[in-house]
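Observations on chain architecture
Each chain, letter by letter, is given below.
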Amino acid sequence: MLFYYLGFVIMVVFILQAVAFLTLLERHFLGGSQCRIGPNKVSMGGVLQALFDGVKLMKKEQIFILSSNSIFFFFVPCFGFIMMVLFWFSLPYFFFFWFLLFRDFFVMFVGFFRFSHYIIRDFKRSLYSFLGGVRAWSPSFSLEISFSFFLLFFIFINGSLSLNYNFNFLLLFILLPFFILVLMDLHRAPFDFSEGEGELVSGFNVEYTSVSFAILFLSEYGNLIFFSILIPVFFFNFNLFFTYFFISIIIFCRSAYPRYRFDKLMGICWYDFFPFGAYLLFFFIFGFF
């Protein structure tokens, strides 16, 4: 039993380290795309930059909103962080210390993935966070329904609710729409409407500072790494090279494309991805059963 808990702690530490190095990689990539060097002052190549940024963030003052409950104020980022950690234990690793316990709960985790963004507007009782929550909640129906069709298709392909390695050339034709849906679900550029830096002053997380903001930050980037691993699990037999490839593509999309229009996002989900995913799922069900 001690081995299970030790493996859990080690896994969480590895996730936090991966997030730290991902932020460093992203800053180097964005600097290169803008003809800048990027972080290079703190240690060799800026390796310790993420660590010192985290320490600086922890030293900042934690602000509480008088109109909100402090327990609920911290509940939302902690809930998002816990769901991010549970995501990782649904992956099919080469060792099976927690995978056997969480492998059948992947669909449930996906259902609660963006729940923290939707309830944050009600717990904080703030105008800016309310508007940011509305922007995050409004396209959720079109996005999540389309994304669910693709997930159900992969579940039928695997024949199980748990994730399994898979590689099939016939599946590569749905790689691009699935990757775009992943970008939308992660709320990454060019679909970062929940953030809305220019319009809503960082959107739903405007009042979060210090530790609470760090927890939100860790959960978002942890989900980014997870979905970058999930795509190779579905398409490329869990090849880690493609994990790095998709992480790089997600980062470069941030520097290459402007923010998409809100109405066009909902339109492409309802008129393109929704019927495509529905046809794909229904043809598979009626064709093989």
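Worth saying up front: this structure is predicted, and the values here are computed from it rather than measured.

1. As for the packing of helix H1 (residues 2–33) against helix H11 (residues 210–235)
Across the interface, H1 lies against H11 with an axial gap of 9 Å and an inter-helix angle of 85°. Looking at the two axes, H1 sits roughly perpendicular to H11. The residues of H11 that touch H1, namely those facing Leu 16, Ala 18, Val 19, Leu 22, Thr 23 and Glu 26, are Phe 217, Leu 218, Tyr 221, Gly 222, Leu 224 and Ile 225. For the contact of H1 with H11, the per-class residue count stands at 9 nonpolar, 2 polar and 1 charged.

2. Brief notes about the nonpolar core
Across soluble globular proteins, nonpolar side chains show a tendency to be buried alongside one another. The biggest cluster of nonpolar side chains holds 59 residues, and the ones touching the most others in it are Trp 88, Phe 178, Met 184 and Phe 235. The leading source of residues in this core is H11, at 11 residues. Those residues in contact with Phe 178 that lie beyond four places of it in its chain are Phe 147, Phe 150, Leu 151, Phe 154, Ile 231, Phe 234 and Phe 235. Ile 65, Phe 73, Tyr 208 and Leu 216 belong to the second-largest nonpolar core, a separate cluster that totals 5 residues.

3. Some thoughts on helix H8 (residues 140–158)
For H8, spanning 19 residues, the distance from its first C-alpha to its last is 26 Å, which sits close to the expected 27 Å at 1.5 Å a residue. Listed in full, the buried residues belonging to H8 are Ser 140, Ser 142, Leu 143, Glu 144, Ser 146, Phe 147, Phe 149, Phe 150, Leu 151, Phe 153, Phe 154 and Ile 155. Gly 159, located one to two residues past H8, shows a positive phi value of around 75°.

4. Regarding the packing of H1 against helix H2 (residues 49–58)
Axis separation between H1 and H2 bottoms out at 8 Å; the angle between their running directions is 110°. As judged from the angle between their axes, H1 and H2 are roughly perpendicular. Only Gln 49, Ala 50 and Asp 53 of H2 make contact with H1, whose side of the interface consists of Ala 20, Thr 23, Leu 24 and Arg 27. When the residues that make up the contact of H1 with H2 are grouped by side-chain class, the tally is 3 nonpolar, 2 polar and 2 charged.

5. Points about the pattern of salt bridges
With the rule as written, the count across this model stands at 4 salt bridges. Two residues, Arg 188 and Glu 26, come together in a salt bridge whose shortest N-O distance is 2.8 Å. With a gap of 162 residues between them, Arg 188 in the loop between helix H9 (175–186) and helix H10 (197–200) and Glu 26 in helix H1 connect regions that are remote in the sequence. Salt-bridge contacts for Arg 27 lead to Asp 53; the nearest nitrogen and oxygen are separated by 2.6 Å. Taken together, the residues span a long stretch of sequence, with Arg 27 in helix H1 and Asp 53 in helix H2 at a distance of 26 residues. Given the relative accessible area of 38%, Arg 27 is considered partly exposed. Put simply, Glu 26, Arg 188 and Arg 254 are held in one network by salt bridges that share partners.

6. Description of the layout of surface pockets
In this structure, the largest pocket encloses a volume near 1300 Å³. If you go around the largest pocket, you meet 41 residues; those closest to its centre are Val 19, Thr 23, Phe 213, Phe 217 and Tyr 221. Those elements that provide at least two residues to the lining of the largest pocket are H1, H2 and H11. The greatest single-element share of the lining of the largest pocket, amounting to 11 residues, is contributed by H1. Of the residues in the lining of the largest pocket, the class split is 23 nonpolar, 7 polar and 11 charged.

7. So, the UniProt feature "transmembrane region" (unreviewed entry) in the protein
When the UniProt feature table is mapped to this numbering, "transmembrane region" (unreviewed entry) covers residues 6–25, 63–89, 95–115, 136–157, 169–186, 224–253 and 265–288. Within residues 169–186, the helical portion is 67% and the strand portion 0%, while the C-alpha atoms at the span's ends are 26 Å from each other.

8. Brief notes about the packing of aromatic side chains
Inspection of every chain in the model, using the stated rule, returns 29 aromatic pairs. An angle of 5° between the planes, with centres 4.2 Å apart, marks the rings of Phe 154 and Phe 234 as stacked. You can see Phe 154 sitting in helix H8 and its partner Phe 234 sitting in helix H11, a full 80 residues away along the chain. As far as burial versus exposure is concerned, Phe 154 and Phe 234 are alike and both buried. For the ring pair Phe 236 and Phe 242, a centre distance of 3.9 Å and an interplane angle of 5° mean the geometry is stacked. Residue Phe 236 is classed as buried on the basis of its relative accessible area of 13%. Owing to a relative accessible area of 23%, Phe 242 belongs among the partly exposed residues under this scheme.

Rules used in this analysis
- Residues numbered from 1 in each chain as written.
- Predicted model: local features only at pLDDT ≥ 70, side-chain atom pairs only at ≥ 80, totals over all residues.
- Heavy atoms only, no water.
- Axes fitted to C-alpha atoms, helices over the stretch in contact; angles between N-to-C directions.
- Helix = DSSP H or I, 4+ residues; strand = E, 2+ residues; numbered from the N terminus.
- Parallel < 35°, antiparallel > 145°, perpendicular 65-115°, else oblique.
- Contact = heavy atoms within 4.5 Å.
- Nonpolar A, V, L, I, M, F, W, Y, C, P; charged D, E, K, R; others polar.
- Core = buried A, V, L, I, M, F, W, Y, C linked by side-chain atoms within 4.5 Å.
- Buried < 20%, exposed > 50% of the residue type's maximum accessible area, 1.4 Å probe, protein only.
- Expected span 1.5 Å × (residues − 1).
- Salt bridge = Lys/Arg side-chain N within 4 Å of Asp/Glu carboxyl O.
- 1 Å grid on protein atoms, 1.4 Å probe; cavity = no way out; pocket = protein on both sides within 12 Å on 5 of 7 lines; lining within 4 Å.
- Points joined across faces, edges and corners; volume = space filled by probe spheres on them.
- UniProt positions renumbered as here; feature names shortened; annotations may be inferred.
- Phe/Tyr/Trp six-rings, centres within 6.5 Å; stacked < 30°, edge-to-face > 60°.

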